[in-house]
Amino acid sequence: MYDVVLLTLASERDAPGGCGSGGACCGGATGTDTGVDAADAGKTTGADSGKTTGADAGEASGDVCATDRPRVPVLACADALTARGARVQTVTARSDAEIDAVLAQLDGSARPDGLTWPDSDGKTRLVVATASDAQLRAVLRRLVKRYAPAPSKRPADLRGDRTLPDLPPVAVLPLDPARGGAHRDLAAQLGLPRDPAAVAAAVLDGTPRRLDLLRNDGGSVTLDGALLGAADDAGRPLHWRARVEVDDAILTDGDEPLLACAIGNAGGYASLDDVTLLAAPDPADGQVEVAVAVPVVVRSALGRKRVRLEVRRARGRAVSVLPREGKVPYLDDGVEGELTRKRSWWIEPGAWAVWVV
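These remarks concern the structure in this document. Remember, predicted model here, so these are calculated numbers, not experimental data.

1. Digging into the pattern of salt bridges
Applying the stated criterion to the full structure yields 22 salt bridges. In this structure, Arg94 engages Glu98 in a salt bridge whose closest nitrogen and oxygen atoms are separated by 2.9 Å. Where Lys327 meets Glu338, a salt bridge forms, and the shortest distance between an N and an O atom there is 4.0 Å. Of this pair, Lys327 sits in the loop between strand 17 (318-323) and strand 18 (328-332) while Glu338 sits in strand 19 (residues 335-339), and the two are 11 residues apart along the sequence.

Structure, rendered in structure tokens:
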């Protein structure tokens with residue numbers, strides 16, 4: 001029978017901040033893009049917005065969360081697993097170090113090259129209880145940090161189209177049923193179960209469904225997607241400029257105004273208000289879909305000017321965004337940040353996986 005670890009990050013409801021902000025799970029500081037990762041889950045900005053702000057704080061700060069009590073869905077999932085004979089451990093992580101201690105249980109045996117590699121046939125399975133996509137991303141980011149080898153230590157048995165091995169599958173236990181409704185979190189997009197007993201069944205009886213992962217040169221990962229752009233206090237989109245490239249295709253050279261840029265692995269940012277940005281994002285097709293929304297002035301037959309929105313799209317293995325002026329606000333897996341210099345994302349086909357029945 002399996003050993004199952006039920007990992008909960010310090011809840012955004014129970015504490016001032018969230019887990020995955022670099023060092024501590026509580027009280028993550030906000031900040032702009034610093035080049036390390038301006039984005040792994042810090043402070044919630046609205047009960048229904050799904051937005052999070054935060055900066056990578058580095059080493060653990062020793063903050064203590066408001067409560068360590070597991071939430072009801074976690075207890076229900078633990079009971080369902082125990083009833084099936086699984087040995088269950090529940091952990092509430094307050095720092096990256098505590099997340100890493102859990103992930104160490106997924107390590108394989110020692111390799112001759114000294115690399116830490118996941119156990120491909122392990123009997124320990126991981127359930128991540130998530131209050132937001134940002135929390136799930138925080139765990140995946142630590143998995144990548146643990147198992148991705150340095151370029152100078154790239155082993156011969158690593159896939160040619162990847163920079164990391166197959167990450168261990170995780171089960172997702174969503175803690176907020178509301179995020180399966182109007183705000184579609186990643187679990188809802190993937191059709192994953194939200195009922196604790198169904199999640200337990202997926203862990204014990206399911207098979208891994210492999211999904212693509214976006215890495216970026218800021219040191220983080222993206223599971224769903226990113227949306228770049230901003231609006232004024234009245235909700236009107238603001239113009240900004242950036243050079244956006246997808247593989248060899250240039251969607252905009254930075255000389256024209258943009259209203260938005262969507263970078264999609266899945267479909268969380270496929271639409272902006274009533275405008276369709278991404279046509280068919282697929283988290284398992286080995287490509288990233290990118291779209292830019294460009295306001296274009298056109299003249300009618302009578303010579304009157306009007307503005308229409310032109311959406312340009314491209315698909316590929318990698319995308320780069322180079323801001324031409326100032327800071328460009330963005331959301332990345334629900335996490336707020338500001339892009340101040342060139343950022344590149346690239347696809348890691350099938351790098352991570354979820355347990356499904």
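Next comes the rest of the account.
2. Brief notes about the side chain of Arg162
Residue placement: Arg162 occurs in the loop between helix 3 (133-147) and strand 6 (170-174). Its relative accessible area of 3% is what places Arg162 among the buried residues. Within the structure, the side chain of Arg162 is placed 3.3 Å from the backbone oxygen of Pro165, a separation counted as a polar contact. Those residues in contact with Arg162, other than ones at most four positions away along the chain, are Arg154, Glu348, Pro349, Gly350 and Ala351.

3. Some thoughts on the packing of helix 2 (residues 96-103) against helix 3
Orientation of helix 2 relative to helix 3, taken along the N-to-C sense of each, is 65°, at an axis distance of 10 Å. Between helix 2 and helix 3, the interaxial angle falls into the category roughly perpendicular. Crossing of helix 2 over helix 3 shows right-handed handedness. Contacts between helix 2 and helix 3 pair Asp96, Ile99, Asp100 and Leu103 from the former with Val139, Arg142, Leu143, Arg146 and Tyr147 from the latter. The residue inventory of the contact of helix 2 with helix 3, partitioned by class, reads five nonpolar, no polar and four charged.

4. Structural notes on helix 1 (residues 72-83)
With 12 residues, helix 1 extends 17 Å between its outermost C-alpha atoms, agreeing within 8% with the 16 Å of an ideal straight helix rising 1.5 Å per residue. Residues of helix 1 that are buried include every one of Val74, Cys77, Ala78 and Leu81, and no others. Down the axis of helix 1, the buried side of the element spans an arc of 100°, and every buried residue falls inside it. Those residues of helix 1 that are exposed and aimed more than 90 degrees away from the buried face are Val72, Asp79 and Ala83. Buried positions along helix 1 lie against strand 1 (3-9), strand 4 (87-93), strand 5 (124-130), strand 6 and helix 5 (196-205). At the exit of helix 1 stands Gly85, carrying a positive phi of roughly 95°.

What counts, and at which threshold
- Residues numbered from 1 in each chain as written.
- Predicted model: local features only at pLDDT ≥ 70, side-chain atom pairs only at ≥ 80, totals over all residues.
- Heavy atoms only, no water.
- Salt bridge = Lys/Arg side-chain N within 4 Å of Asp/Glu carboxyl O.
- Helix = DSSP H or I, 4+ residues; strand = E, 2+ residues; numbered from the N terminus.
- Buried < 20%, exposed > 50% of the residue type's maximum accessible area, 1.4 Å probe, protein only.
- Polar contact = N/O pair within 3.5 Å; in protein donor to acceptor, adjacent residues only side chain to side chain.
- Contact = heavy atoms within 4.5 Å.
- Axes fitted to C-alpha atoms, helices over the stretch in contact; angles between N-to-C directions.
- Parallel < 35°, antiparallel > 145°, perpendicular 65-115°, else oblique.
- Left-handed = near helix turned anticlockwise from the far one by under 90°.
- Nonpolar A, V, L, I, M, F, W, Y, C, P; charged D, E, K, R; others polar.
- Expected span 1.5 Å × (residues − 1).
- Arc of directions from axis to C-beta.

All quantities given are derived from atomic positions and should not be read as evidence of function.
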